[in-house]
Amino acid sequence: MASTRGENTPAQNLLASLFFLALGAAIIWVGFQGSSDDCGGEKMSAGDTCVSYSNGSRTGSKNLEEQKSDNSTTSNVAFVIGGLIVLAGAWSSVGALREMGGSHR
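Note that the coordinates shown come from a computational prediction; the quantities given were computed from them, not determined experimentally.

Asks: What is the right way to look at the overall build of the chain in this model?
Replies: Scanning the chain from terminus to terminus reveals two helices and four strands. When the elements of the chain are put in sequence order from the N terminus, they spell out α-β-β-β-β-α. The dimensions of the chain, computed from C-alpha atoms along their principal axes, are 65 × 25 × 15 Å. The burial tally for the chain puts 16% of its 105 residues in the buried class.

Below, the structure is given as structure tokens:
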């Protein structure tokens, strides 16, 4: 059956699904890369302070425990968002593969 204007073909839907699977996996990977004691790419030690800047102005500072907590929260958010994107991509891939195989339910 030919696709009408404005509708994607099952192959296009599958490619989009695979893109979202890869995107979700990349976001999860980023979550794993964040070290709990990292401040701007540098490892922190007890007594260190992580100072953040925006447009050359100091916007805040965190001690080691505060930075670990912040990094943990950021990693958890990446895991949740990445996981949801992977699940949506997988669900969409299954639907596209069913359409391509002609098994409509």
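Alright, that's what it looks like, and here's the rest.
Asks: Got a minute to help me understand the packing of aromatic side chains in this structure?
Replies: To describe a pair of aromatic rings, one takes the distance between the centres and the angle between the planes. On inspection of all chains with the given rule, the structure shows two aromatic pairs. Aromatic pair phenylalanine 19 and phenylalanine 20: ring centres 5.2 Å apart, planes at 75°, arrangement edge-to-face. The interplanar angle of 55° and the centroid separation of 4.8 Å between the aromatic rings of phenylalanine 32 and phenylalanine 79 together place this pair among those described as tilted. Residue phenylalanine 32 is located in helix H1 (residues 10-33), and its partner phenylalanine 79 is located in helix H2 (residues 64-101); the two are separated by 47 residues in the primary sequence. Given the relative accessible area of 61%, phenylalanine 32 is considered exposed.

Asks: Just to check I follow, could you spell out the state of the cysteines for this structure?
Replies: Two cysteines whose sulfur atoms are joined by a covalent bond form what is called a disulfide. Tallying each qualifying case throughout the model produces one disulfide. In this model cysteine 39 forms its disulfide with cysteine 50; the gap between the sulfur atoms is 2.0 Å. Residues cysteine 39 and cysteine 50 are joined through a disulfide that is right-handed, its torsion about the S-S bond being 80°. Separated by 11 residues along the polypeptide, cysteine 39 in strand S1 (residues 38-39) and cysteine 50 in strand S3 (residues 49-54) bring together distant segments of the chain. For the pair cysteine 39 and cysteine 50, one class covers both residues: buried.

Asks: Would you take a moment to explain unusual backbone geometry for this structure?
Replies: Apart from glycine, the bulk of residues carry a negative phi angle, and the bulk of peptide bonds sit in the trans form. Not every positive phi belongs to a glycine, and asparagine 55 is a case in point at roughly 55°. One can find asparagine 55 in the loop between S3 and strand S4 (57-63). Asparagine 55 sits in the exposed class, given a relative accessible area of 78%.

Asks: Hey, could you run me through H2 in this one?
Replies: Along an α-helix, residues three or four positions apart point the same way, because every turn accommodates 3.6 residues. Its 38 residues place the ends of H2 54 Å apart at the C-alpha level, agreeing with the 56 Å of an ideal helix rising 1.5 Å per residue. Within the span of H2, buried status applies to Leu64, Gln67, Asn71, Ser75, Ala78, Gly82, Gly89, Ser93 and Ala96. Where the residues of H2 are buried, they touch H1, S1, S3 and S4. Among the residues of H2, the N-terminal cap falls to asparagine 63, whose side-chain oxygen and the backbone nitrogen of glutamate 65 are separated by 3.1 Å. Of the residues flanking the end of H2, it is glycine 102, one or two places downstream, whose phi is positive at about 80°.

Asks: I keep staring at the confidence of the model for the chain and nothing clicks. Help me out?
Replies: Do not read the predicted coordinates in detail wherever pLDDT is low. Averaged over the chain, the pLDDT score is 87; the fraction of residues at 70 or greater is 91%. The weakest mean pLDDT in the chain belongs to S1 at 85; the strongest belongs to H1 at 93.

Criteria and thresholds
Residues numbered from 1 in each chain as written. Predicted model: local features only at pLDDT ≥ 70, side-chain atom pairs only at ≥ 80, totals over all residues. Heavy atoms only, no water. Helix = DSSP H or I, 4+ residues; strand = E, 2+ residues; numbered from the N terminus. Buried < 20%, exposed > 50% of the residue type's maximum accessible area, 1.4 Å probe, protein only. Phe/Tyr/Trp six-rings, centres within 6.5 Å; stacked < 30°, edge-to-face > 60°. Disulfide = S-S within 2.5 Å. Expected span 1.5 Å × (residues − 1). Contact = heavy atoms within 4.5 Å. Polar contact = N/O pair within 3.5 Å; in protein donor to acceptor, adjacent residues only side chain to side chain. pLDDT = per-residue confidence, 0-100.

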